[in-house]
Amino acid sequence: MQELPSETYCRFPFIHICSLADGTTKPCGIADSFDDGLNLNEHTIEEVYNSQQMKQLRKDMLEGVRNKVCNVCYRKDDAGEYSTRQLYNDNRLWEHPVVNEDYSVDSIQHFDIRFSNLCNFTCRMCDHGSSSNWYDAYKVFGFPKPTSKVIKLRENILEDLIPHMKNIKSFYFAGGEPLIMPEHNQIIKWLYENLPIDEDAGCRQLRLHYNTNLSILKFESTDLIKMWKGFKRVFLSISCDGVHEVGEYQRTGWNHDIFVENMNTIKKSFGVSSTRTGDKKNSSELIYNFQYTTTIWNMHHIFDFIKFMKKNKYIKTSENIDFTYAWSPDYCSINNFEPNIKEEMVKLFKKNMRYIKSEKTKAEFNGILKFMNTESTAKPEYVKDCSKKMDILRAPIQPQNINLI
């Protein structure tokens, strides 16, 4: 194990740039924004990457200081959970770069650029910043309507990206739904056409990571699977919070039959991920796993979800699913269950966890239960009212077994 510079160190601020669809820049996708952060719609990538804020964060990390923008990970560290900070540090792909005296860094190894909020789903735990389909939902909730449905980065963002590609090792695509974005199609074509092909591996030495709802596998004339086979490694983190009626209830626009059809196509070319990082040295590696966000509407469904995935041979073990929980917006958060429902959930998990072999899954479930039993942050009446408002927006399906709120 490589020795880290300090206990607060995370590799990402030294090798990476992240921008949300509105241009807001952050140290990473789950970090908080800087109080005086720079916007990628107003500044260049270089100005953001080596801004005073980023240089101060790097300095803090090297000196063992906890910068508040990274508190999400530090809280998980303190709770004994496996934080995203630890995940980034465990990934052997990225190298700690040469850091200049002023804490600037000369090259970027990883990009996380959210080109827009364009999305084809209205997920119950989401918001307009991450889904254009939430535009009309704000009226139902009585919130001020956003000025535009689609939030997107400036038109010349690709021109700004290209000069920084010479040392790139990986690219993370999220959204919105990245696979339906024209900007994603443009950048993936540019990478495919311009990156050199390694003669030994027979593919481009670049790793792509997606957070996707897997609603499409083709964009216009682009066959995504065919193109993905031209890169060193493609990892699909497939967001799926339930199957059958539970999945369609949690994510308006999600269709069980389309999901199964696309998964069966993916299974022919992709392998299920069994490790957190890939090591394959030759040829292209196509893998996937699932991301299950636990809310008040699907917590009871977790074990049925695992059974479905195993039965259809989409996973080998629950290790292939990352179980997380939503703490915002508060009306979907499981810590706002009424006491009797919390007791039911504890009994459900106690009954089924004895069949779980994965230590990773056990730790995730224990984290979910621990969070569920924290103090409520919203009154039951408010939670129920918001859920009813979401029902106005969702697909015309009424699950019979979702009555736990």
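Residues numbered from 1 in each chain as written. Predicted model: local features only at pLDDT ≥ 70, side-chain atom pairs only at ≥ 80, totals over all residues. Heavy atoms only, no water.

A word on the packing of aromatic side chains
Put simply, the rule is: Each pair of aromatic rings taken from Phe, Tyr and Trp, with Trp reduced to its six-membered ring, is defined by centres within 6.5 Å and is described as stacked if the planes are under 30 degrees apart, edge-to-face if over 60, and tilted in the remaining cases. Buried residues are those whose accessible area, probed at 1.4 Å on protein chains only, stays under 20% of the maximum for their type, while exposed residues exceed 50% and partly exposed ones sit between those limits. Numbered from the N terminus, helices here are DSSP runs of H or I no shorter than four residues, and strands are runs of E no shorter than two. A ring is considered to have a charge above it if a Lys NZ or an Arg CZ atom is located within 6 Å of its centre and within 35 degrees of its normal.
Counted by the stated rule, this structure contains 28 aromatic pairs. Taking 6.3 Å as the distance between ring centres and 80° as the angle between the ring planes, the aromatic pair formed by Tyr 88 and Trp 94 counts as edge-to-face. On the basis of relative accessible area, Tyr 88 is assigned to the buried category, the value being 15%. Considering the side-chain rings of Trp 228 and Phe 270, the 5.9 Å spacing of their centres and the 85° angle between planes classify their relative orientation as edge-to-face. Of this pair, Trp 228 sits in helix H9 (residues 224–228) while Phe 270 sits in the loop between helix H11 (256–269) and strand E12 (271–272), and the two are 42 residues apart along the sequence. Of the two residues, Trp 228 and Phe 270, neither departs from the other in class, the shared state being buried. Clustering of aromatic rings is evident, with ring pairs tying together Trp 254, Phe 259, Tyr 288, Phe 290, Tyr 292, Phe 303, Phe 305, Phe 323, Phe 349 and Phe 365. When the ring centre of Phe 231 is taken as reference, the NZ or CZ atom of Arg 204 above it lies at 5.9 Å.

Re the packing of helix H13 (residues 339–352) against helix H14 (residues 359–372)
The cut-off we apply is this: Only C-alpha atoms enter the line fits that serve as axes; for helices the fit covers just the stretch in contact. Angles between N-to-C directions range over 0 to 180 degrees. Relative orientations are named as follows: roughly parallel for angles under 35 degrees, roughly antiparallel for angles over 145 degrees, roughly perpendicular for angles from 65 to 115 degrees, and oblique for any other angle. The crossing is said to be left-handed when, going from far helix to near helix, the turn is anticlockwise and less than a right angle, and right-handed when the turn is clockwise. Contact definition: two residues touch when any of their heavy atoms are within 4.5 Å. Residues are grouped as follows: nonpolar covers Ala, Val, Leu, Ile, Met, Phe, Trp, Tyr, Cys and Pro; charged covers Asp, Glu, Lys and Arg; every other residue, Gly included, is treated as polar.
The N-to-C vectors of H13 and H14 enclose an angle of 165°; their axes lie 11 Å apart at closest approach. What the angle tells us is that H13 and H14 run roughly antiparallel. At the point where H13 passes H14, the crossing takes the left-handed sense. For the pair formed by H13 and H14, the contact residues are Lys 342, Met 345, Val 346 and Phe 349 on the first element and Phe 365, Leu 369 and Met 372 on the second. Looking at the contact of H13 with H14 residue by residue, the classes come out as six nonpolar, no polar and one charged.

A word on the side chain of Thr 295
Within the secondary structure layout, Thr 295 lies in the loop between strand E13 (285–294) and helix H12 (302–311). Setting aside anything within four residues of it in sequence, one finds Thr 295 in contact with Met 125, Gln 250, Ala 326, Cys 332 and Ile 334.

Describing the nonpolar core
The line we're drawing: Within this scheme, the nonpolar core is defined by two criteria: the residues are buried Ala, Val, Leu, Ile, Met, Phe, Trp, Tyr or Cys, and they are joined through side-chain atoms within 4.5 Å.
If you look at the biggest cluster of nonpolar residues, it comprises 92 residues, and the most contacted ones within it are Phe 171, Trp 228 and Phe 290. Per-element tally for this core: the top contributor is H12, with six residues. In this structure Trp 228 touches Leu 179, Leu 208, Tyr 210, Val 234, Leu 236, Ile 266, Phe 270, Ser 284 and Leu 286, once residues within four positions along its chain are discounted. Core analysis: the second largest hydrophobic core is formed by 17 residues, Tyr 9, Phe 34, Tyr 88 and Trp 94 among them.

Side note on the environment of Gly 176
By the element assignment, Gly 176 lies in the loop between strand E5 (170–173) and helix H8 (182–194). For Gly 176, a relative accessible area of 15% translates into the label buried. A C-alpha to C-alpha distance of 27 Å links Gly 176 and Phe 303, two positions 127 residues apart in sequence. If sequence neighbours within four positions are ignored, Gly 176 has contacts with Ser 116, Asn 117, Leu 118, Cys 119, Ser 130 and Met 181.

A few points about the environment of Asn 298
Structurally, Asn 298 is set in the loop between E13 and H12. Along the sequence, Asn 298 and Ile 334 sit 36 residues apart, while their C-alpha atoms lie 9.7 Å from each other. Once residues lying within four places of it in the same chain are set aside, the contact partners of Asn 298 are Asp 241, Val 246, Gln 250, Tyr 292 and Thr 293.

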